[in-house]
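Reading the structure
One letter stands for each residue in the lines below.
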Amino acid sequence: MENENNRSFKVATVNDLKTNCFSCEVDGWSILILRHSDGSLTAIEDRCSHADVPLSDGEFDPKLGKITCPAHGAEFCTREGTALCMPAVAPVKIFSVKIIGDEIWIAIP
Ligand code: FES
């Protein structure tokens with residue numbers, strides 16, 4: 001559902017997050033919502049910047065805030081999107097997340 005004012009999309013409810021990772025499609029983007037160990041949520045593009053591999057198939061560490069690509073082992077900061085090690089050098093896209101009531105909203109630029 002789109003909020004007409006700011007291109008924000010309701011993607012899930014808090015209760016939909018049965019695990020620390022939740023994949024969704026929003027306005028043509030594959031997005032991975034991640035719940036960190038402090039309870040905060042971030043959203044990243046579900047695509048490694050090294051090649052077109054879904055990061056949702058990788059390993060997410062909610063304590064360290066990083067995700068490891070399953071293909072070649074690149075790691076990304078799940079708060080900033082920065083590549084933490086080779087072979088990835090480019091960041092992954094980060095999306096703004098808001099919780100309104102029990103609804104999770106993602107802002108698409
Ligand atoms: S596709 Fe992710 S590290 Fe190569």
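Report follows, based on the coordinates. (Residues numbered from 1 in each chain as written. Predicted model: local features only at pLDDT ≥ 70, side-chain atom pairs only at ≥ 80, totals over all residues.)

Some points on the nonpolar core
Ranked by internal contacts, the top residues of the largest apolar core, which has 23 residues, are Ile 31, Leu 32, Ile 33, Ala 43 and Ile 106. Of all the elements in the fold, those that place two or more residues in this core are β2 (8–13), β3 (21–26), β4 (29–35), β5 (41–45) and β10 (103–107). By residue number, the principal contributor to this core is β4, which donates four residues. Not counting the four nearest positions on each side in its chain, Ala 43 is found in contact with Ile 31, Leu 32, Ile 33, Ile 94, Phe 95, Val 97 and Ile 106. (Core = buried A, V, L, I, M, F, W, Y, C linked by C-beta atoms within 7 Å. Buried ≥ 20, exposed ≤ 12 C-beta atoms within 10 Å, placed from the backbone. Helix = DSSP H or I, 4+ residues; strand = E, 2+ residues; numbered from the N terminus. Contact = placed C-beta atoms within 7 Å.)

Let's talk about the sheet that holds strand β8 (residues 75–77)
Strand order in the open sheet formed by three strands is β6-β7-β8, with antiparallel pairing between adjacent strands. In this open sheet, the two edge strands, each paired with only one partner strand, are β6 (59–61) and β8. Strand after strand, the sheet turns through a mean of 20° between neighbouring axes, direction not considered. (Pairing = 2+ DSSP bridges. Axes fitted to C-alpha atoms, helices over the stretch in contact; angles between N-to-C directions.)

Focus: the environment of Ala 12
Position of Ala 12 relative to the elements: it lies in strand β2. When the C-alpha positions of Ala 12 and Glu 103 are compared, they lie 6.1 Å apart, and in sequence the two are 91 residues distant. Ignoring anything within four residues of it in the chain, the contact list for Ala 12 reads Leu 17, Phe 22, Cys 24, Ile 33 and Ile 104.

What is shown is where atoms sit, not what they do.
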